[in-house]
Amino acid sequence: MFESAVMQNFIRQQQAKETKQWVYEVLEGTREIEDVVYRDTESRFVLLPCPADAQGRRKGYIAIVADRALRCLRDLRGEHTDLLREIRDTCLRHLPPDIRHASIHYHPSVYQLHIHFRSVRTVKADDPRTFELDEILFKLDRDPMHYKKADLVYSLPPASEIARLYRQQQHAGIRSDQCKGASWLMSRKKATATYGFHVQRGKPCHIARAVGLDAHDHRFHDRLQGRGVF
């Protein structure tokens with residue numbers, strides 16, 4: 001599904017949004033200049049504090065990768081491991097000693113590859129959007145094409161645009177070979193069914209192609225959980 005025209009068009013639309021242009025302005029050196037912690041001498045990445053949230057809080061740091069071909073986790077291949085290791089090692093040398101956790105979110109909030117650096121104390125256990133960088137490197141070393149073809153388990157807010165894409169594709173009756181294992185569910189409890197309807201608290205909950213959900217999925221309350229090449 002990630003390589004489908006629908007998903008690629010969605011990513012292009014996200015990249016073109018005015019609210020997403022800040023990431024490219026940072027890379028070009030026209031924004032957040034005073035906040036930059038480190039700028040790679042070869043212009044391959046920039047390290048700076050995370051943008052502040054609605055409460056004005058900054059949650060760690062991000063390293064933004066300049067290569068426009070690298071938009072998210074799905075674009076990573078074995079050939080990128082040297083760059084990822086250099087980014088990790090260089091950034092850790094320039095960050096406070098308590099900032100040691102490096103990860104990538106999938107799906108990301110901005111489709112320009114960036115690595116999150118946080119204190120281990122602030123990282124939520126089993127966060128369904130967080131993929132630790134060391135694990136990513138391990139899997140790419142073992143299989144350079146891992147993130148092109150692997151099933152990924154992650155969580156999305158039901159109201160998100162990607163959740164809407166899931167529902168549109170399922171309602172359109174997309175063929176399984178086009179979907180490549182994508183699945184979604186709306187649930188308050190762990191799903192056990194694979195097709196059709198699963199009754200929860202006396203109410204039917206529609207489950208479309210819910211495959212292989214692991215033991216942690218029941219923790220993600222009121223979320224849309226997806227597994228598949230999406």
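Please refer to the structure placed before this passage.
Residues numbered from 1 in each chain as written. Predicted model: local features only at pLDDT ≥ 70, side-chain atom pairs only at ≥ 80, totals over all residues. Heavy atoms only, no water.

Draft legend 1. How the structure looks around the overall build of the chain. Secondary structure summary: the chain contains 7 helices and 11 strands in total. A burial count over the chain gives 47% of its 230 residues as buried. Looking at the chain alone, contacts between residues at least 24 apart form 61% of all its contacts between residues at least 6 apart. Total accessible area computed for the chain in this model is approximately 12,000 Å², and 50% of it derives from carbon and sulfur atoms. (Helix = DSSP H or I, 4+ residues; strand = E, 2+ residues; numbered from the N terminus. Buried < 20%, exposed > 50% of the residue type's maximum accessible area, 1.4 Å probe, protein only. Contact = heavy atoms within 4.5 Å. Areas by Shrake-Rupley, 256 points an atom, 1.4 Å probe, with all protein chains shown as cover.)

Draft legend 2. Main features of helix α3 (residues 81–94). With 14 residues, α3 should cover 20 Å at 1.5 Å per step; its first-to-last C-alpha distance of 20 Å lies within 8% of that length. Buried within α3 we find Thr81, Leu84, Ile87, Arg88, Thr90, Cys91 and Leu92. (Expected span 1.5 Å × (residues − 1).)

Draft legend 3. Looking closely at the environment of Leu95. Here Leu95 lies in the loop between α3 and β4 (99–105). Overall, Leu95 belongs to the buried group, its relative accessible area being 8%. In sequence terms Leu95 and Arg118 are 23 residues apart; their C-alpha atoms lie 9.7 Å from each other. Not counting residues up to four positions away in its chain, the partners in contact with Leu95 are Leu47, Tyr61 and Phe117.

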